[in-house]
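# Close look at the chain arrangement
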Amino acid sequence: MAASKPVEAAVVAAAVPSSGSGVGGGSATTGPGTGGLPRWQLALAVGAPLLLGAGAMYLWSRQRRRRETGGRGDAGGLKRNSERKTPEGRASPAPGSGHPEGPGAHLEMNSLDRAQAAKNKGNKYFKAGKYEQAIQCYTEAISLCPTEKNVDLSTFYQNRAAAFEQLQKWKEVAQDCTKAVELNPKYVKALFRRAKAHEKLDNKKECLEDVTAVCILEGFQNQQSMLLADKVLKLLGKEKAKEKYKNREPLMPSPQFIKSYFSSFTDDIISQPMLKGEKSDEDKDKEGEALEVKENSGYLKAKQYMEEENYDKIISECSKEIDAQGKYMAEALLLRATFYLLIGNANAAKPDLDKVISLKEANVKLRANALIKRGSMYMQQQQPLLSTQDFNMAADIDPQNADVYHHRGQLKILLDQVEEAVADFDECIRLRPESALAQAQKCFALYRQAYTGNNSSQIQAAMKGFEEVIKKFPKCAEGYALYAQALTDQQQFGKADEMYDKCIDLEPDNATTYVHKGGNMEKAIDMFNKAINLAKSEMEMAHLYSLCDAAHAQTEVAKKYGLKPPTL
């Protein structure tokens, strides 16, 4: 796909690289209703996915709930403030937990009644803030409770864990919650309390597994558990990425990716084919001159390597041109910076981009392109003011450059400036009527504006616009992806799946589409792992790790608790 994909509310996408917004190409849009999550965390590097970690679980749950409720939505939305601080009374009934009948029942009832009385006394101490005394009472209840009374016994352990939690004795909290969960495997309150204890003990993996189970068992209805899942996923992702990125070898993207990336620019001089006179075999009258230029110009050799898809030699040839301060030094600086960005070396790219921008004598399209790419790099680095400045400067110096409006429109989407985004996409389309990406993204911006404003007639107009885009540009995967996103919001799941299938046909190695469509979780995990190795920044890598961890945790929890295996 020639762009990174839009997203559902707090959802996930992960991709084997596509020409994402991080180096100036592709889309950086998000779906309508992002659940109040920071949009600047959605704009990542080349081929980056958009989204936050917990979304991996949320997407599956949201679409599952919609299907189960016939598209009625969340029935009240997330429970926002359901704190789990107080101890419990009677445990929730479970199969086989009723009081026994027959011989010995009277004695057993006496033991259970005494255990319940001790627990009730503990609850009074708990409410009074006397946690040590509460712990003693809960311990007594545990010792008195018949061992076969699993649910009651699990409640006593969970209550004692709640008291330990108030004393910040996290190890004891985790131990008692483990006992409670062993007795009652789907005990949400104990699972969540243990997840919080694991967080305090810095047991991130264990915390993630527990909070994932809670999210699934609660039907993703509680904001507290969702926020903890998101938090631990980010921490895990950053931790893993820090080590891997430090030791990574720069990796050149695939030829398909590179061509897709460059195709997202229409006014980029360095991506244009070599001129006729630059090729030694094109014009016999100038053959000697052309050969001499090719032998002495590292930039022209780099361009030839581009046409041959011999991308690994481009940076070194551009460096020769720059070191010699040759005729094509500005072009070589921009081309080298672009390939630094493509291999994920933004630190090396920035000085080259800075120099091109400062070269007043350089071709204005070179300077505008450098500004677009630096602006997109700032966007990736979550510096919206610097990004905005660069895009605006590019528009000032080259107002007829369609690429400026295309990429600035994406920035406006991220900044929730939808009307301005539409205006930029309109200008791009005016300058380049055949820009499939800009037309698809304009439709999405209009749809999002209508969706947010709950304007049904405008929603229908935007949906019709998507139909026209995919009919006019049947090879534009972005059009299908954005349309599918809108169809999903409108609960048209069958048609959305058809659009996602079109995306997969066009880009079978892109995990993003599988995520949105509801592809196999294990297949998505494999794609996430591939994408991690291709990440172009530590931030992108951290994000991909969080998505992979979320998908893996969901799969493991589904197996552990006998739930239906989730699909993204």
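Reading the values: rules and limits
Residues numbered from 1 in each chain as written. Predicted model: local features only at pLDDT ≥ 70, side-chain atom pairs only at ≥ 80, totals over all residues. Heavy atoms only, no water. UniProt positions renumbered as here; feature names shortened; annotations may be inferred. Helix = DSSP H or I, 4+ residues; strand = E, 2+ residues; numbered from the N terminus. Buried < 20%, exposed > 50% of the residue type's maximum accessible area, 1.4 Å probe, protein only. Areas by Shrake-Rupley, 256 points an atom, 1.4 Å probe, with all protein chains shown as cover. Expected span 1.5 Å × (residues − 1). Arc of directions from axis to C-beta. Salt bridge = Lys/Arg side-chain N within 4 Å of Asp/Glu carboxyl O. Core = buried A, V, L, I, M, F, W, Y, C linked by side-chain atoms within 4.5 Å. Contact = heavy atoms within 4.5 Å. Phe/Tyr/Trp six-rings, centres within 6.5 Å; stacked < 30°, edge-to-face > 60°. Lys NZ or Arg CZ within 6 Å of the ring centre and 35° of its normal.

An unreviewed UniProt entry lists the protein under the name Mitochondrial import receptor subunit TOM70, with Sus scrofa as the source organism. According to the UniProt record, the Subcellular location (unreviewed entry) comment for the protein reads "Mitochondrion outer membrane".

This part takes up the overall build of the protein. Helix and strand content of the protein: 25 helices and zero strands. Here the protein, with 568 residues, has 58% of them falling under the buried criterion. Put simply, the protein shows about 23,900 Å² of open surface, and 49% of that area lies on carbon and sulfur atoms.

Right, let's talk about helix 22 (residues 493-506) for a bit. For helix 22, spanning 14 residues, the distance from its first C-alpha to its last is 20 Å, which sits close to the expected 20 Å at 1.5 Å a residue. All of the buried residues in helix 22 are Phe493, Ala496, Met499, Tyr500, Cys503 and Ile504. Along helix 22, the residues classed as buried sweep out an arc of 150 degrees about the axis, all on the same side.

Glancing now at the environment of Asp396. Topologically, Asp396 is positioned in helix 16 (residues 384-397). The exposed category is assigned to Asp396, whose relative accessible area is 65%.

Let us look at the pattern of salt bridges. Overall, the coordinates contain 28 salt bridges when judged by the stated rule. The partner of Asp210 in a salt bridge is Arg194, with the nearest N and O atoms 2.7 Å apart. You can see Asp210 sitting in helix 7 (residues 204-217) and its partner Arg194 sitting in helix 6 (residues 188-200), a full 16 residues away along the chain. Note on accessibility: Asp210 and Arg194 belong to one class, buried.

Counting residues in each nonpolar core, the largest one holds 57 residues, and the members touching the most others are Ile258, Phe262, Ile314, Leu335 and Phe339. Of all the elements, helix 13 (residues 329-342) adds the most residues to this core, at eleven residues. Discounting residues that sit within four places of it in the chain, Phe262 has contacts with Asp268, Ile270, Ser271, Met306, Leu335, Thr338, Phe339 and Leu342.

Attention now goes to the UniProt feature "repeat: TPR" (unreviewed entry) in the protein. When the UniProt feature table is mapped to this numbering, "repeat: TPR" (unreviewed entry) covers residues 115-148, 368-401, 402-435 and 477-510. Taken end to end, residues 115-148 is 79% helix and 0% strand, and its two terminal C-alpha atoms sit 13 Å from one another. Taken as a whole, residues 402-435 contains 79% helix and 0% strand, while its terminal C-alpha atoms sit 9 Å from one another.

To continue, consider unusual backbone geometry. Phi is positive for Gln382, close to 60 degrees, though the residue is something other than glycine. What makes Gln382 partly exposed here is its relative accessible area of 35%.

So, on to the packing of aromatic side chains. The full count for this structure, using the stated rule, is eight aromatic pairs. Arranged with centres 5.4 Å apart and planes meeting at 75 degrees, the rings of Tyr261 and Phe265 form a pair that is edge-to-face. Judged by relative accessible area, which is 0%, Tyr261 ranks as buried. Using a relative accessible area of 4% as the deciding quantity, one classes Phe265 as buried. Three or more aromatic residues link up through ring pairs in this structure, and these residues are Tyr261, Phe262, Phe265, Tyr311 and Phe339. If you follow Lys373 out to its NZ or CZ, it ends over the ring of Phe265, 5.1 Å from the centre.

This next bit is on the environment of Ala436. Along the polypeptide, Ala436 turns up in helix 19 (residues 436-452). With relative accessibility at 16%, the residue Ala436 sits in the buried group. When the C-alpha positions of Ala436 and Pro474 are compared, they lie 9.4 Å apart, and in sequence the two are 38 residues distant. Among residues more than four places away in sequence, those in contact with Ala436 are Phe473 and Cys476.

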